[in-house]
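If you want the building blocks of each chain, they are given just below.
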Amino acid sequence: MIKEKFSLEGKVAIITGASKGIGKAIARGLAEFGAKVVISSRKQAAVDTVAAEFEKEGLEATAIACHVADEAQCQILVQGTLDKYGRIDILVNNAGTNPYYGAIEKMPKALYQKTMDVNLNAAIYLSNLVHPYLKQQGRGSIIHISSIEGFHATAFMSAYNVSKAALIMLGKNQAIEWGKDNIRVNVICPGYVRTKLAAGFVEDAKTHQKMMDNTPLGRVATPDEIAGMAVYLASEASSFCTGSAMVVDGGLLNAPLF
């Protein structure tokens, strides 16, 4: 039955940047469909809070803090998951940052590097860490959370845009290299979602109105509207889907941009 293909019973999922926003919504969605979820973010207190919240709802969750730009902490995250559950089936690379908003020629090298380390390099490293276990199991799903900013240019967001564009291509390259091992890699590209990261756009009245004028659905998304796509890509319902960049933007890319 098609309905059964969406089940994640017995699966173990790591979600980075899962203490709030899109990451938390994805973690809850995967857990509601039966997955054991590992909630990860930089601060232990924050992930402990989310895991406790999920457990009160009858969902299985474990909290492991990890700053994804730190390779040693990434190793601890993966090993901690294996120690707890003995397997990994799903990796969601959601952690992201945008520390610089300004002209390209004035962009500090340190902030450019921070953007790449968190948004792109961490996804490469964590994927490589889980790859041997997914290969051994003969299946697995990796999901990168990119953005529509990976498809079009936005003034004063160059490092973020470049990192998100690269994340899309990373997913495509991993898909063609790892498909033989039945490891699927897909990318979700949200439009504007009501999160802390997008607050500057969503909460500014002038910018918000421009977005609404160009978004066919006429509104900003909520984090849980991204979670459904993640459940699909994590589950056997998408068993023939790999190397795809799934846009969830209310139709914004189909309309004239700002």
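Just above sits the structure.
Notes on the structure follow. It should be emphasised that the depicted structure is a prediction, and the values quoted were computed from it without experimental measurement.

Parameters at a glance
Residues numbered from 1 in each chain as written. Predicted model: local features only at pLDDT ≥ 70, side-chain atom pairs only at ≥ 80, totals over all residues. Heavy atoms only, no water. Pairing = 2+ DSSP bridges. Helix = DSSP H or I, 4+ residues; strand = E, 2+ residues; numbered from the N terminus. Axes fitted to C-alpha atoms, helices over the stretch in contact; angles between N-to-C directions. Parallel < 35°, antiparallel > 145°, perpendicular 65-115°, else oblique. Left-handed = near helix turned anticlockwise from the far one by under 90°. Contact = heavy atoms within 4.5 Å. Nonpolar A, V, L, I, M, F, W, Y, C, P; charged D, E, K, R; others polar. Disulfide = S-S within 2.5 Å.

### Observations concerning the sheet that holds strand β6 (residues 183-190)
Within a beta sheet, neighbouring strands are joined by backbone hydrogen bonds and run either parallel or antiparallel to one another. Pairing is parallel in the open sheet, where seven strands are placed in the order β3-β2-β1-β4-β5-β6-β7. For this open sheet the edge positions go to β3 (61-63) and β7 (245-248), each flanked by a neighbour on one side alone. Between one strand axis and the next, the sheet turns through 20 degrees on average, direction left out of account. Strand direction decides the pairing type here: strand β4 (residues 90-93) and strand β5 (residues 140-145), joined by four bridges, are parallel. Residue pairing in the sheet places L91 in a bridge with I142 of β5.

### Quick look at the packing of helix α2 (residues 21-32) against helix α9 (residues 224-234)
Close contact between α2 and α9 brings their axes to 8 Å; oriented N to C, the two are set at 50 degrees. By the criterion of interaxial angle, the relationship of α2 to α9 is oblique. α2 and α9 meet at a crossing whose hand is right-handed. Mapping the contact onto sequence places I22, A25, I26, G29 and L30 in α2 and D224, I226, A227, A230, V231 and A234 in α9. The class makeup of the residues in the contact of α2 with α9 is nine nonpolar, one polar and one charged.

### Notes on the state of the cysteines
Working definition of a disulfide: a covalent bond connecting the sulfur atoms of two cysteines. Within this structure, the stated rule accounts for zero disulfides. Unpaired in this structure, C66 has its nearest cysteine sulfur neighbour in C74, at a distance of 4.1 Å.

### Regarding the packing of helix α4 (residues 71-85) against helix α5 (residues 109-137)
Two elements in contact, α4 and α5, have axes separated by 10 Å at closest approach and are oriented at 30 degrees. The angle between α4 and α5 places the two elements in the roughly parallel class. Considering the relative orientation of α4 and α5, their crossing is right-handed. Contacts between α4 and α5 involve E71, C74, Q75, L77, V78 and L82 from the former and Y125, L126, L129, V130 and Y133 from the latter. Considered class by class, the residues forming the contact of α4 with α5 number nine nonpolar, one polar and one charged.

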